[in-house]
Amino acid sequence: MLAISFNKLSEDAIDGLLAHTTLITLQKDFPEQVAKAKSLWDAKRPVKLFNELKETLALMCSGNQRCMYCEDSFADEIEHRRPKNLYPQQTFDWDNMLYSCGPCNGPKNNQFAILNPPYANGYTDISPKRGEVPEKPKSGMDALINQRVENPLDFIWLDFNTFRFTPINPNQDSIEYWKAEYTIKLLRLNARQTLIRGREHAYHSFRNGLSDYLRNLNPNRQVEFRKFLKSAPHKTVWEEMKRQYSQRDDLRDLFQQAPEVLAW
Ligand SMILES: [Zn+2]
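Residues numbered from 1 in each chain as written. Predicted model: local features only at pLDDT ≥ 70, side-chain atom pairs only at ≥ 80, totals over all residues. Heavy atoms only, no water.

Peer 1: What exactly am I supposed to notice about the overall build of the chain here?
Peer 2: Looking only at helices and strands, the chain has 9 helices and 7 strands in total. For 264 residues, the compact-globule estimate of 2.2 N^0.38 gives 18 Å, and the chain sits close to it at 20 Å. Dimensions of the chain, computed from the C-alpha atoms along their principal axes, are close to 65 × 45 × 25 Å. Long-range contacts, defined here as pairs at least 24 residues apart, represent 70% of the contacts in the chain between residues at least 6 apart. As displayed, the chain has an accessible area near 13500 Å², and 50% of this comes from carbon and sulfur atoms. When the 36 positive and 34 negative side-chain charges of the chain are each reduced to one mean point, those points stand 3 Å apart. (Helix = DSSP H or I, 4+ residues; strand = E, 2+ residues; numbered from the N terminus. Rg over C-alpha atoms; globule rule 2.2 N^0.38 Å. Contact = heavy atoms within 4.5 Å. Areas by Shrake-Rupley, 256 points an atom, 1.4 Å probe, with all protein chains shown as cover. Lys, Arg positive; Asp, Glu negative; His and termini not counted. Charge placed at Lys NZ, Arg CZ, Asp CG, Glu CD.)

Peer 1: In this structure, what is going on with the side chain of Thr-236? I would like to understand it.
Peer 2: With respect to the helices and strands, the residue Thr-236 is situated in helix H8 (residues 235–244). On the basis of relative accessibility, which here comes to 1%, the residue Thr-236 falls in the buried class. In this view, Thr-236 contacts Met-1, Leu-2, Glu-71, Leu-153 and Phe-165; residues no more than four positions away in its chain are not counted. (Buried < 20%, exposed > 50% of the residue type's maximum accessible area, 1.4 Å probe, protein only.)

Peer 1: Would you explain empty space enclosed by the protein in this entry?
Peer 2: Where empty space is left in the structure can be found by rolling a water-sized probe over the atoms. According to the stated counting rule, one finds 1 cavity of 30 Å³ or more in the structure shown. In this structure, the largest cavity occupies an estimated 30 Å³ of space. Contributing to the lining of the largest cavity are Met-1, Tyr-69, Cys-70, Glu-71, Phe-165, Leu-189, Arg-199, His-234 and Thr-236. In terms of residue class, the lining of the largest cavity is made up of 5 nonpolar, 2 polar and 2 charged. (1 Å grid on protein atoms, 1.4 Å probe; cavity = no way out; pocket = protein on both sides within 12 Å on 5 of 7 lines; lining within 4 Å. Points joined across faces, edges and corners; volume = space filled by probe spheres on them. Nonpolar A, V, L, I, M, F, W, Y, C, P; charged D, E, K, R; others polar.)

Peer 1: I keep staring at the environment of Ile-156 and nothing clicks. Help me out?
Peer 2: Take Ile-156: it is sitting in strand S6 (residues 156–159). For Ile-156, a relative accessible area of 0% gives the class buried. In contact with Ile-156, not counting residues within four places along its chain, are Met-1, Phe-165, Thr-166, Ile-168, Ala-180, Ile-184, Glu-240 and Arg-243.

Peer 1: Mind showing me how you'd approach the packing of aromatic side chains here?
Peer 2: All told, the structure shown has 20 aromatic pairs when counted by the stated rule. With a centroid separation of 6.5 Å and an interplanar angle of 90 degrees, the aromatic rings of Phe-50 and Phe-92 are classed as edge-to-face. Of this pair, Phe-50 sits in helix H3 (residues 47–60) while Phe-92 sits in the loop between strand S1 (77–80) and strand S2 (97–100), placing them 42 residues apart in sequence. For the pair Phe-50 and Phe-92, a shared accessibility class is recorded, and that class is buried. Measuring from centroid to centroid gives 4.7 Å for Phe-160 and Tyr-203, while their planes differ by 50 degrees, and the two rings are tilted. Highlighted residues: Phe-160 in the loop between S6 and strand S7 (164–167) and Tyr-203 in helix H6 (residues 193–215), separated in sequence by 43 residues. Residue classification places Phe-160 among the buried residues on the basis of a relative accessible area of 5%. Three or more aromatic residues link up through ring pairs in this structure, and these residues are Phe-206, Tyr-213, Phe-225, Phe-228, Trp-238, Tyr-245, Phe-255 and Trp-264. The ring of Tyr-87 has Arg-82 sitting right over it, with the charged end atom 4.3 Å from the ring centre. Sitting over the ring of Phe-6, Arg-148 keeps its end group 2.6 Å from the ring centre. (Phe/Tyr/Trp six-rings, centres within 6.5 Å; stacked < 30°, edge-to-face > 60°. Lys NZ or Arg CZ within 6 Å of the ring centre and 35° of its normal.)

So this is what it looks like as structure tokens:
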């Protein structure tokens with residue numbers, strides 16, 4: 001899971017999003033706002049606006065349009081980081097949109113949690129209950145890492161022995177610990193064997209690729225290796241290899257022989 005650098009939308013698209021948000025804001029109460037947000041979103045109109053959202057998000061994905069959460073599967077669903085049921089006014093907020101795969105988006109659904117001091121108490125789940133009248137959420141800091149403004153690698157790191165993510169800050173009184181913990185749990189980043197196997201496979205493929213790069217005398221070797229890195233899934237694994245290579249016997253020499261790859 002990586003920080004996402006955001007592309008700008010056209011003026012038309014920005015105006016279109018704003019017009020939808022205004023319609024939601026004008027509703028008389030919170031449940032009406034939620035209902036309006038959902039109906040406008042489900043209508044997916046105008047088509048041109050939704051196509052632009054999808055096309056722009058697709059360009060912001062790593063690899064071959066991989067999901068911004070798991071980096072394993074094809075991303076084809078616009079995902080609201082803050083759910084529509086809790087934050088209807090952010091349904092058409094460009095800053096609240098990510099591109100994800102069905103297996104990430106489906107189970108996440110309307111789940112959300114916040115953090116308030118004292119942090120030793122952990123996060124508070126504010127997910128709306130099925131069948132209940134929507135209520136304005138309590139205020140607090142988002143427990144889910146915001147890839148738009150935060151770098152997930154400041155909160156989580158990948159353990160190359162297990163290929164599972166773990167909080168960098170082990171202190172359970174800290175915001176960082178709970179953000180990492182909640183993000184890993186909500187997105188089931190350690191709960192899916194396919195993701196763990198995918199990260200392990202990516203590790204070996206990046207290491208072999210780097211080793212081939214060092215042996216390769218082809219003048220296009222840089223272009224080829226960079227192309228390989230750009231199209232590969234699980235880009236976080238590569239970022240972690242760059243961060244952890246000096247502590248690993250199987251990576252240290254490779255990275256020291258090709259320091260230029262640290263910028264790729
Ligand atoms: Zn996914």
